[in-house]
Amino acid sequence: MTMTTDSSSSAPAIPALAVPLLSLAAFGSGISLRVTDPMLPHLATEFGVTVGEAAQVITAFSLSYSFSLLIFGPFGDRYGKYLAVGLSAMASALGALLCALAPGYGALVAARMFAGVSAAALIPLSMAWIGDVVPYQQRQAVIARFLIGQVLGLSSGVLLGGLAADVHNWRLPFFLIAIAFVLVGTALLVLNRRLPAAARITHRAEGNALSRSFLEFREVLNKRWARVILLTVFLEGAFLYGAFAFIATHVHLRFGLSLTSAGALVMVFGLGGFVFALASRRLVRLGERRLTIAGGMMVGLSYLAVGLVPAWGWGGIGCFAAGIGFYMMHTTLQANATQMDPARRGAAMSAFACSFFLGQSAGVGLAGVVVSLAGTGAVLLICALGIVVVALRFAHRLKLAR
């Protein structure tokens, strides 16, 4: 497979390994994000803290990841997005190594914070680079294939962390992650030298880096369509993950499944995303509005099924369908996000990713309040309705924009 840059159909071809290497970097990002989830009881015992305190290794990564997104977008626009992803992969190797060698609980939390910062550039700048070099008509399918790495990484992270906890060796996954990032980072930096000049740096910014960063984001936010997309992805993240975070708990409480089995059920969501990625070339022919409406409806109906049906097996079917539906809708948003501000794609995609992560945080926090007042079933019903409304509203906006 070869690709040409957006600027000209006669531009030099992009190496065939360019997108697969980015997908491998996204795979590493996904593993890094989720690897500590099943480790919490083991880490609590290892360091003599409560499980709640041990969860700070997750919070430290997530918060530093979210806010660092705003730094790397302008950096990628200024010095080259593909180069920034390669450097981020090498920094992520260091972050994983620091986690593996952490002598105590405090050091591990600090190392996880550094790991979150170092991984923040991997996915948004990869998508921004794809936006630079892939024509818009082909972009959503390429983004979907790129996201296979992240989808598999998220599921593999849970599996790898669980296996490590079972054999009482939580450090081993971090050594493996460090090795993988070194290999991927090296390959990215080598391939970056082979890219055509137009695919290395597409927007050379001048002046003070910090002031330019603020200017970049201000220019993005000045665009009305960008504000629509950023608000939409914030609400998508809130409604999707507000319910998703409590599906395992809901199935456990309602049907008496063990948390391990309930967690495995939820992992089927990733399989749905993988199926969408494989079928993306055909599915994108439906058009952006139909994909958005169908995706939102699938997620909404899936959450209703999980919340209302009398048998736990529907939970797996619901999570699988929700995975397909979410990526139908989300990749449509991602493709449009790459066009929010073509001259500042790095900043634009960083703002997009930050809005999505902040939406997740807000959604889970508010859902926790609802759970304490009305139970997990209420959260599923509210989020099912919310995601459908968001999908229909964005589909209407797409119609007006065309």
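Analysis parameters
- Residues numbered from 1 in each chain as written.
- Predicted model: local features only at pLDDT ≥ 70, side-chain atom pairs only at ≥ 80, totals over all residues.
- Heavy atoms only, no water.
- Helix = DSSP H or I, 4+ residues; strand = E, 2+ residues; numbered from the N terminus.
- Rg over C-alpha atoms; globule rule 2.2 N^0.38 Å.
- Buried < 20%, exposed > 50% of the residue type's maximum accessible area, 1.4 Å probe, protein only.
- Contact = heavy atoms within 4.5 Å.
- Core = buried A, V, L, I, M, F, W, Y, C linked by side-chain atoms within 4.5 Å.
- Phe/Tyr/Trp six-rings, centres within 6.5 Å; stacked < 30°, edge-to-face > 60°.
- Bend = angle between axes of the 7 residues up to and from the residue.
- 1 Å grid on protein atoms, 1.4 Å probe; cavity = no way out; pocket = protein on both sides within 12 Å on 5 of 7 lines; lining within 4 Å.
- Points joined across faces, edges and corners; volume = space filled by probe spheres on them.
- Nonpolar A, V, L, I, M, F, W, Y, C, P; charged D, E, K, R; others polar.

A. The overall build of the protein, seen in detail. Of the regular secondary structure elements, the protein holds 19 helices and zero strands. Computed over C-alpha atoms, the radius of gyration of the protein comes to 20 Å, within 12% of the 21 Å expected from 2.2 N^0.38 for 402 residues, which places it in the range of a compact globule. Taken over the C-alpha atoms alone, the protein extends approximately 60 × 50 × 40 Å along its principal axes. With 402 residues in all, the protein has 55% of them scored as buried. Counted over contacts in the protein with a minimum sequence separation of 6, partners at least 24 positions apart contribute 83%.

B. Looking closely at the environment of Arg 290. Considering the arrangement of structural elements, one finds Arg 290 in helix 16 (residues 288–308). Separated by 161 residues in sequence, Arg 290 and Trp 129 have C-alpha atoms that sit 26 Å apart.

C. Looking closely at the nonpolar core. Ranked by size, the top nonpolar core spans 116 residues in total, and within it Tyr 82, Trp 129, Phe 146, Leu 188, Tyr 303 and Phe 352 carry the most contacts. A per-element tally of this core places helix 18 (residues 345–374) first, with 10 residues. With residues near it in sequence (within four places) discarded, Phe 352 still touches Ile 229, Leu 230, Val 233, His 330, Leu 333, Gln 334, Ala 337 and Met 340.

D. Representation of the packing of aromatic side chains. Scanning the entire structure with this criterion turns up 11 aromatic pairs. Their ring planes at 70° and their centres at 6.0 Å tell us that Tyr 241 and Phe 356 sit as a pair that is edge-to-face. Placement of Tyr 241 in helix 12 (residues 224–244) and of Phe 356 in helix 18 is noted, with a sequence separation of 115 residues between them. By relative accessible area, Phe 356 is classed as buried at 9%. Measuring from centroid to centroid gives 6.1 Å for Phe 326 and Phe 356, while their planes differ by 15°, and the two rings are stacked. Here Phe 326, found in helix 17 (residues 313–337), pairs with Phe 356, found in helix 18; they are 30 residues apart in sequence, far enough to count as distant. In this structure, Phe 326 and Phe 356 share a single accessibility class: buried. Three or more aromatic residues link up through ring pairs in this structure, and these residues are Tyr 241, Phe 269, Phe 326, Tyr 327 and Phe 356.

E. Region of the structure containing helix 15 (residues 268–283). Residue Ala 277 marks the point of greatest curvature in helix 15, where the axis turns by about 40°. Restricting attention to buried positions, one finds in helix 15 the residues Phe 269, Gly 270, Gly 272, Gly 273, Phe 276, Ala 277 and Ser 280.

F. Molecular detail of empty space enclosed by the protein. Enumeration according to the criterion identifies two cavities of 30 Å³ or more in this entry. A volume near 70 Å³ is recorded for the largest cavity. Mapped by element, the contributors of at least two residues to the lining of the largest cavity are helix 5 (81–100), helix 6 (105–119) and helix 9 (172–192). By residue number, the principal contributor to the lining of the largest cavity is helix 6, which donates four residues. In the lining of the largest cavity, the residues fall into eight nonpolar, four polar and one charged.

G. How the structure looks around unusual backbone geometry. A positive phi angle, close to 60°, is found at His 168, a residue other than glycine. You can see His 168 is positioned in the loop between helix 8 (136–166) and helix 9. What makes His 168 exposed here is its relative accessible area of 61%.

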